[in-house]
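Here is how the chains run, residue by residue.
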Amino acid sequence: MTGPGGHADPAYLLDASGPAAPPRDNGELVFAAPWEGQAFGAALALNDAGRIGWEDFRQALIREIGEQDAAHPAAAGQGYYDRWLAALERLVSESGLVSAEDLRQRALLLATLPPGHDHDPP
Amino acid sequence: MTSTEAGRIDPALRAEALVSLLVERGLIDQATMDNFIKTYETSVGPMNGAKVVARAWTDPGYRERLLADGTAAIAELGFKGPQGEHIVVLENTPGVHNVVVCTLCSCYPWPVLGLPPSWYKDPSYRSRIVREPRTVLAEFGLELPGDVTVRVFDSSSEVRYMVLPLRPAGTEGMPEDELATLVTRDSMVGVAEVTAP
């Protein structure tokens, strides 16, 4: 059931509204902030492009959740996408795709840009 | 940089940094990524699973195929996932109630249910549903009679579970698309039953 693009096939994006659409109150807010969606989408896109294996990412996520829950028991279960992002950072760095230092430098650079900047790298 | 050090930087900046570098280096395609986000945010959701359930309730042949090979039967309706996992469908009966968990992390049948709700990812749910399923189900508002067997299924990287809930009494003759509107996400995880309107 894998296959590049198959999951994103618009053919199955059916009935978001109308009589055949099951109730939306089933769903809840998926991402609490836009960056959570970015972290989520980046992992799927990397897998889609064959850059990371999904099982490798899953193991990294399990490890991250376990370590963070152990280190901060009071916060267990909080910050799911924090852990997701940390796992992804670790995996891309360990896979040699983007080094941890490059990630850090870019984040620090972005922090110096004024709010509302266009997010383009210099 | 350890993840602890990274944690001192605002995650929004870290996510932006990660995405911008991945796109710049041609490691991911921005449009593909945006499409994933949009798809999971707005389009993939419990409605896919609800259609599967409604079809199974109204088409005995489909129900049989669904229980025999969930992945294939779900793909018949056009729902496929990116992860290559198998989806196994667990049938509730008057005597057996199934409930799904992922004790290790948050494995979930995304193609049919969308993204997992926050409680599914909570360590409390992940551990307690195994130890004391009836108590946890009661907290969800689901009181099961003592003679109903509760089975808890732990998801894995290879197998994702989805519950086929009982069709509620009083819905005989209701068309498939209307039935689908009754099916909730929680009923397909197994922490609720489907009720007639």
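Scroll up a little and you will see the structure.
What counts, and where the lines are drawn
Residues numbered from 1 in each chain as written. Chains lettered and ligands numbered in written order. Predicted model: local features only at pLDDT ≥ 70, side-chain atom pairs only at ≥ 80, totals over all residues. Heavy atoms only, no water. Helix = DSSP H or I, 4+ residues; strand = E, 2+ residues; numbered from the N terminus. Buried < 20%, exposed > 50% of the residue type's maximum accessible area, 1.4 Å probe, protein only. Contact = heavy atoms within 4.5 Å. Areas by Shrake-Rupley, 256 points an atom, 1.4 Å probe, with all protein chains shown as cover. Core = buried A, V, L, I, M, F, W, Y, C linked by side-chain atoms within 4.5 Å. Axes fitted to C-alpha atoms, helices over the stretch in contact; angles between N-to-C directions. Parallel < 35°, antiparallel > 145°, perpendicular 65-115°, else oblique. Left-handed = near helix turned anticlockwise from the far one by under 90°. Nonpolar A, V, L, I, M, F, W, Y, C, P; charged D, E, K, R; others polar. 1 Å grid on protein atoms, 1.4 Å probe; cavity = no way out; pocket = protein on both sides within 12 Å on 5 of 7 lines; lining within 4 Å. Points joined across faces, edges and corners; volume = space filled by probe spheres on them. Salt bridge = Lys/Arg side-chain N within 4 Å of Asp/Glu carboxyl O. Pairing = 2+ DSSP bridges. Expected span 1.5 Å × (residues − 1). Phe/Tyr/Trp six-rings, centres within 6.5 Å; stacked < 30°, edge-to-face > 60°. Lys NZ or Arg CZ within 6 Å of the ring centre and 35° of its normal.

Caption draft 1: Quick peek at the overall build of chain A. For chain A, the count of helices and strands is four helices and zero strands. Helices and strands in chain A line up, N terminus first, as α-α-α-α. Residues classed as buried in chain A amount to 41% of the 122 residues present.

Caption draft 2: Spatial organisation of the overall build of chain B. Broken down by element type, chain B carries 12 helices and four strands. A burial count over chain B gives 55% of its 197 residues as buried. Within chain B, contacts between residues separated by at least 24 positions form 67% of all contacts whose residues are at least 6 apart in sequence. For chain B, the accessible surface area stands at approximately 7800 Å², while carbon and sulfur atoms represent 51% of it.

Caption draft 3: Summary view of the nonpolar core. Of all hydrophobic cores here, the largest spans 87 residues; its most connected members are A:Phe57, A:Trp84 and B:Tyr125. Once you skip the residues sitting within four places of it in the chain, B:Tyr125 turns out to touch B:Val99, B:Val100, B:Val101, B:Trp119, B:Tyr120, B:Val136, B:Phe140, B:Val189 and B:Val191.

Caption draft 4: Structural view of the packing of helix α4 (residues 46–58) of chain B against helix α5 (residues 60–68) of chain B. Residue and element names in this part refer to chain B. Their axes nearest at 5 Å, the elements α4 and α5 cross at an angle of 125 degrees. With respect to α5, the element α4 is oriented oblique. The handedness of the crossing between α4 and α5 comes out as left-handed. Residue-level inspection shows Val52, Arg55, Ala56 and Thr58 of α4 in contact with α5, the latter providing Pro60, Tyr62, Arg63 and Leu66. For the contact of α4 with α5, the residue count by class is five nonpolar, one polar and two charged.

Caption draft 5: Region of interest: the packing of helix α1 (residues 34–48) of chain A against helix α2 (residues 11–24) of chain B. The contact between α1(A) and α2(B) brings their axes to 9 Å, and the two run at 30 degrees. As far as their axial angle goes, α2(B) and α1(A) are roughly parallel. The chirality of how α1(A) crosses α2(B) is left-handed. Contacts from A:Trp35, A:Gln38, A:Ala42 and A:Leu46 in α1(A) reach B:Pro11, B:Ala12, B:Ala15, B:Val19 and B:Leu22 in α2(B).

Caption draft 6: Here's a closer look at empty space enclosed by the protein. Counted under the stated rule, the structure contains four cavities of 30 Å³ or more. Considering only enclosed or pocket space, the second largest cavity measures out at about 60 Å³ in volume. Lining the second largest cavity we find 10 residues, and of these A:Tyr80, A:Tyr81, B:Leu115, B:Pro116 and B:Lys121 sit closest to its centre.

Caption draft 7: The pattern of salt bridges, seen in detail. Residues and elements named next belong to chain A. For the structure shown, the criterion picks out 15 salt bridges over all chains. Here glutamate 67 makes a salt bridge to arginine 90, at a shortest N to O gap of 2.8 Å. On the criterion of sequence distance, the pair formed by glutamate 67 in helix α2 (residues 54–71) and arginine 90 in helix α3 (residues 80–94) is long-range, its members being 23 residues apart. Take glutamate 67: its relative accessible area is 37%, and that puts it in the partly exposed class.

Caption draft 8: Fine view of the pairing of strand β4 (residues 159–164) of chain B. Residue and element names in this part refer to chain B. Extensive coverage of β4 is indicated by the burial of five of its six residues. Here strand β1 (residues 86–91) pairs with β4 via six bridges, running parallel. Directly across from leucine 90, in β4, lies its bridge partner valine 163.

Caption draft 9: Molecular detail of α2(A). Along its 18 residues, α2(A) runs 25 Å from first to last C-alpha, staying within 8% of the 26 Å computed at 1.5 Å per residue. By the burial criterion, the buried members of α2(A) are A:Trp54, A:Phe57, A:Arg58, A:Ala60, A:Leu61, A:Ile62, A:Glu64, A:Ile65, A:Gln68 and A:Asp69.

Caption draft 10: Molecular detail of the packing of aromatic side chains. If you walk through the whole model with that rule in mind, you get 12 aromatic pairs over all chains. Consider the rings of B:Trp119 and B:Tyr125, whose centres lie 5.0 Å apart with planes at 70 degrees: the pair is edge-to-face. Per residue, the accessibility class of B:Trp119 equals that of B:Tyr125, and both read buried. Look at B:Tyr120 and B:Tyr125: their rings are 5.9 Å apart centre to centre, the planes differ by 35 degrees, and that puts the pair in the tilted class. In this pair, the class of B:Tyr120 matches that of B:Tyr125, namely buried. Members of the aromatic cluster, each reached through a chain of ring pairs, are A:Phe40, A:Trp54, A:Phe57, A:Tyr81 and A:Trp84. Note that B:Arg55 overlies the ring of B:Tyr62, its terminal NZ or CZ placed 5.8 Å from the centroid.

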